[in-house]
Amino acid sequence: MSPISDDHDHGVDSEEFDDGWHPSADVEEWVFAAWTDDGTLGVISGHRLTGRNAWYWAALARHGRPLLHITDFDVPVRVADPFIVKGEAMWAEHTREVPMEQWTIGNETYAASLDDPEEALGRGYGDPTPIAFDLEWYATGAPVALEPAPDMSTGYQQRGVVHGAIEILGEPKTELSEVPARRWHRWASGSRPDGSSVGLGPLPLSEVVAHAGVRAPFRFPGGNTSDLVLTSTGWCYRSSRSSAPPQ
């Protein structure tokens, strides 16, 4: 069965899963994604709280253009507002405007410009490129519970659309108007059965084999990777027949 559940079969009451911060969670994340209908442009922005530190990752992937790739995995959590991420030469935020209905996704930073997306799975060094997201995410469907996961996380996903703009130094502004979008919100607490600390595994996305769409790979602390590729239905994991997304 596809990891994307049908809204009508597994709909979640917005009162059951609120989209705010759960201070009692040991790890919690919010991920927002959008893409154009023709699959030539995709954007993703993620934010994870891990104790006193936050992770932030984002990318703009475009057909025929270098991947613009952003990561900072050692940002102090701002307890007064954990949705603001301020690192070295970086500001980013995911702001809940209307619970379960509207979020603002913003950043101002330098992206690494990577001619080969594969470089993002290594050091990810590229030409520093000033970039700014100014995006609004609007829900178009009810939140949907995620299937039980090996990482013991709780969460949901939600369909939406994105409006807004992305500015890149030296390029015309990229305008997005009601492009397809999705978001995920997951959190976990406690320990695994073997006594190890909980974490979050990969997002529940489908896999595609040898797909030639634009890519947005990431390498996370601990060595886990996420190699995303854009299809006509949104982001999926890029996989060979002999491999699967990391756990």
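Q: Sorry if this is basic, but what is going on with the pattern of salt bridges here?
A: Where charged atoms of side chains with opposite charge meet at close range, the side chains can pair. In this structure the tally under the stated criterion is nine salt bridges. In this structure, Glu-171 and Arg-62 form a salt bridge, with 2.7 Å as the shortest nitrogen-oxygen distance. Pair noted here: Glu-171 is in the loop between strand 10 (154–168) and strand 11 (174–188) and Arg-62 is in strand 3 (residues 53–62), with a separation of 109 residues, a long-range link. Residue Arg-238 is joined to Asp-227 by a salt bridge in which the shortest nitrogen-to-oxygen separation is 3.6 Å. Linking Arg-238 in strand 15 (residues 234–239) with Asp-227 in strand 14 (residues 225–231), this pair joins segments that are 11 residues apart in sequence. Residue Arg-238 is classed as partly exposed on the basis of its relative accessible area of 35%.

Q: Where do I start with the sheet that holds strand 13 (residues 215–219) in this structure?
A: Hydrogen bonds between backbone groups are what pair the strands of a sheet, and the pairing can be parallel or antiparallel. Reading across from one edge, 12-15-14-13 is the order of the four strands in this open sheet, with mixed pairing throughout. Edge positions in the sheet fall to strand 12 (207–209) and strand 13, since each of these pairs with one other strand and no more. Each neighbouring strand pair of the sheet contributes to a mean axis angle of 40°, computed without reference to strand direction.

Q: For this particular structure, what's the right way to read the confidence of the model for the protein?
A: Interpretation of this model should avoid reading the predicted coordinates in detail wherever pLDDT is low. On average, residues of the protein carry a pLDDT of 88, and 87% of them reach 70 or more. Long-range and interchain partners of residues 1–15, a stretch whose pLDDT sits below 50, account for 32 contacts in this model, where long-range means more than four residues apart. Across residues 241–247, confidence stays below pLDDT 50; counting only partners more than four residues off in sequence or on other chains, it has 13 contacts.

Q: Before we go on, may I ask you to explain the pairing of strand 8 (residues 127–139) in this structure?
A: Within a regular strand, the side chains alternate between the two sheet faces. The pairing of strand 7 (residues 102–114) with strand 8 spans 12 bridges and is classified as antiparallel. The partner of Gly-106 across the bridge, within strand 8, is Asp-134. Pairing between strand 8 and strand 10: nine bridges, direction antiparallel. When the sheet's bridge partners are listed, Ala-132 is paired in strand 10 with Glu-167.

Q: Can you walk me through a negative patch on the surface in this structure?
A: Where like charges cluster on the molecular surface, the negative patch consists of Glu-108, Asp-134, Glu-167 and Glu-175. Here Glu-175 lies in strand 11. Take Glu-175: its relative accessible area is 57%, and that puts it in the exposed class.

Q: Where do I start with the packing of aromatic side chains in this structure?
A: Describing an aromatic ring pair means giving the distance of the ring centres and the angle of the ring planes. In total, this model carries 10 aromatic pairs according to the counting rule given. Their ring planes at 70° and their centres at 4.8 Å tell us that Trp-30 and Phe-83 sit as a pair that is edge-to-face. Placement of the pair is Trp-30 in strand 1 (residues 27–35) and Phe-83 in the loop between strand 4 (67–76) and strand 5 (84–87), with a sequence separation of 53 residues. Here Phe-32 and Trp-137 contribute two aromatic rings whose centre-to-centre distance is 6.4 Å and whose plane-to-plane angle is 75°, an arrangement assigned as edge-to-face. Linking Phe-32 in strand 1 with Trp-137 in strand 8, this pair joins segments that are 105 residues apart in sequence. With relative accessibility at 0%, the residue Trp-137 sits in the buried group.

Q: Could you clarify how one ought to interpret the environment of Arg-78 in this entry?
A: With respect to the secondary-structure elements, Arg-78 resides in the loop between strand 4 and strand 5. Considering only alpha carbons, one finds Arg-78 and Ala-54, 24 residues apart in sequence, at a separation of 9.0 Å.

Q: Please clarify how the environment of Pro-117 should be interpreted in this entry.
A: Along the polypeptide, Pro-117 turns up in the loop between strand 7 and strand 8. Separated by 50 residues in sequence, Pro-117 and Leu-67 place their C-alpha atoms 6.1 Å apart. Sequence-distant contacts of Pro-117, that is, excluding residues within four places in its chain, are made with Leu-67, Arg-215 and Pro-217.

Q: Where do I start with unusual backbone geometry in this structure?
A: Keep in mind that most residues, glycine aside, have a negative phi and that most peptide bonds are trans. Despite not being glycine, Ala-89 has its phi angle at roughly 55°, a positive value. Tracing the sequence through the fold places Ala-89 in the loop between strand 5 and strand 6 (90–98). Its relative accessible area of 52% is what places Ala-89 among the exposed residues. Phi is positive for Met-100, which is not a glycine, with a value near 65°. With respect to the element layout, Met-100 can be found in the loop between strand 6 and strand 7.

Cut-off values and rules
- Residues numbered from 1 in each chain as written.
- Predicted model: local features only at pLDDT ≥ 70, side-chain atom pairs only at ≥ 80, totals over all residues.
- Heavy atoms only, no water.
- Salt bridge = Lys/Arg side-chain N within 4 Å of Asp/Glu carboxyl O.
- Helix = DSSP H or I, 4+ residues; strand = E, 2+ residues; numbered from the N terminus.
- Buried < 20%, exposed > 50% of the residue type's maximum accessible area, 1.4 Å probe, protein only.
- Pairing = 2+ DSSP bridges.
- Axes fitted to C-alpha atoms, helices over the stretch in contact; angles between N-to-C directions.
- pLDDT = per-residue confidence, 0-100.
- Contact = heavy atoms within 4.5 Å.
- Patch = residues over 30% accessible without salt bridge, like charges linked within 9 Å, V, L, I, M, F, W, Y side chains within 5 Å.
- Areas by Shrake-Rupley, 256 points an atom, 1.4 Å probe, with all protein chains shown as cover.
- Lys, Arg positive; Asp, Glu negative; His and termini not counted.
- Charge placed at Lys NZ, Arg CZ, Asp CG, Glu CD.
- Phe/Tyr/Trp six-rings, centres within 6.5 Å; stacked < 30°, edge-to-face > 60°.

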